[in-house]
Structures are given as C-alpha cells and as structure tokens.
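# Architecture at a glance
Residues per chain are reported as follows:
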Amino acid sequence: MFVSCDTSIFMKRLLGIILGLMAITVFASNQQTVSQSAKELDKAYQERNYELFFELFPSSFKTFIDYYGYTDKPMPLYSQGLDHVNYLFSDSLKIDEKYLNKLFAIAKDAVWEADAPNYFQNNLRDLILKYSQEIVSFLNKQDKKEIERFWYFVVYSLYPKELDNIAHYLKIRERIYPHSKEQSKIIEFAYKKVLEDDWE
C-alpha cells in the first residue's frame, strides 16, 4: 500500500509526541515512587526503627542521589541527609555482610559532592579505620574494578595535596596494610588516580 510522504512525516511526528508523553509519564511516576519511598524512609528514621530504616535506605548511589542529592532543586530528603547518613552508620556494631554490601553498593559508584555524599564518605572512612579487618575480608570477595572504584571514592578529595587529605589517605592505607598488602596497593593506586584527576 502506498503511503504519501506527508502521511509518513505526520506518523513519525505523532510517534515522537507519543513517545515523549510516555517518557514524561514514566518520569513523573518514578518521581512519585521516589517521593513516597523517601517519606517511608524518613518515617522509619523519625520512629528510630533502624531495621526498617536500613531496609529502606538506598542500595545504589543513583537512588542515594535521588533521595539526598541536589540537581536543579533539592531532592526529597536533601535536608535530612546528614541525620540519615549518620544514623545509617550508627548501628555499625552489627557489621556483617548485609551491612557492608549496602555500603559497598553505594560507594563503588559514588561521586564525591558536597552534602550527602560527603557525609557518607566521612562516615565510611571512620568505619574503615574502626573495622579494617572486617572491611578487608569483605573486599577480598568483591570484583577488583569495583574495589578500585570503592577506594577511589574513599580517598577522593577536591584538594588531595593538602596535608589533611594526605593524612587521611595515609591513615587509611596504614590501617589496611597489616590485613592486606593487595588492598593497600589498590588504595595507593586509587590515590594516584585522584592526584591525576586533580584539576589544580
């Protein structure tokens, strides 16, 4: 069957409009889902229900930013970022595979930003210093590329050549070294990468 050129152009435009509307609908639906999930997470925090809070806390950096980030406007839990991240790390006495899996899943894809990612990085550094042996045992079972990304986030700094930041890096590396020379080497590699990426 012959289709005129005008009809073909019209159909393509109509299809483009339909796909655009579908994308907007999916985006709006995702935003509603994020907003609802964020409310449930904050409720668990307000009620100090750590078990539920932990289950609802993001398990990826993308979701973490969807909740706590700032892209054009603050995300639903932007203002609660510090309290929530501190609370996540407050029950670290229960450090186990499930707990470390969640932290690793966020950190391995994390990109440092001010606010929530910074709070997460600071708490993670403290946890590593406190539970270095457990962290090493966990990391030894993970994918090497993901481990490299994890350590890159841990040692990342906007100003890696400043004495405080060098001290952070050295302290972490020295704490890890007795448990794993291999992990210590990966940390060194990650820090060199940070220095290479330094814009100064």
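This is a predicted model, so every value here is computed, not measured. (Residues numbered from 1 in each chain as written. Predicted model: local features only at pLDDT ≥ 70, side-chain atom pairs only at ≥ 80, totals over all residues. Heavy atoms only, no water.)

### A short note on helix 6 (residues 116–130)
We apply this condition: A helix here means a DSSP run of H or I that spans at least four residues, while a strand means a run of E at least two residues long, and both kinds are numbered starting from the N terminus. Helices are assigned an expected span. That span is 1.5 Å times one less than the residue count. Summary of the burial criterion: residues with accessible area below 20% of their type's maximum are buried, those above 50% are exposed, and those between are partly exposed, where the area comes from a 1.4 Å probe applied to protein chains only. The contact criterion used throughout is that any non-hydrogen atoms of two residues lie within 4.5 Å.
Here helix 6 spans 21 Å end to end across 15 residues, near enough to the 21 Å set by a 1.5 Å rise per residue. Within the span of helix 6, buried status applies to Ala116, Pro117, Phe120, Gln121, Asn123, Leu124, Arg125, Leu127, Ile128 and Leu129. Those residues of helix 6 that are buried lie in contact with helix 3 (61–68), helix 4 (81–90), helix 5 (97–107), helix 7 (132–139), helix 8 (144–155) and helix 9 (163–176).

### Side note on empty space enclosed by the protein
As a reminder, the rule being used: Space inside and on the surface of the protein is sampled on a 1 Å grid over the protein atoms alone, with a cavity defined as a set of points where a 1.4 Å probe fits but cannot get out and a pocket as an open set with protein on both sides within 12 Å along at least 5 of 7 lines; lining residues have an atom within 4 Å of a point. Grid points are joined across faces, edges and corners, and a volume is the space filled by probe spheres set on the points. Each residue is assigned to one of three groups, with Ala, Val, Leu, Ile, Met, Phe, Trp, Tyr, Cys and Pro labelled nonpolar, Asp, Glu, Lys and Arg labelled charged, and all others, Gly among them, labelled polar.
All told, the structure shown has 1 cavity of 30 Å³ or more when counted by the stated rule. Volume-wise, the largest cavity comes out at about 40 Å³. For the largest cavity, the full set of lining residues is Leu100, Leu103, Phe104, Leu124, Ile135, Phe138, Leu139 and Phe150. Put simply, the parts of the chain that give the lining of the largest cavity at least two residues each are helix 5 and helix 7. Grouping the amino acids of the lining of the largest cavity by side-chain chemistry returns 8 nonpolar, no polar and no charged.

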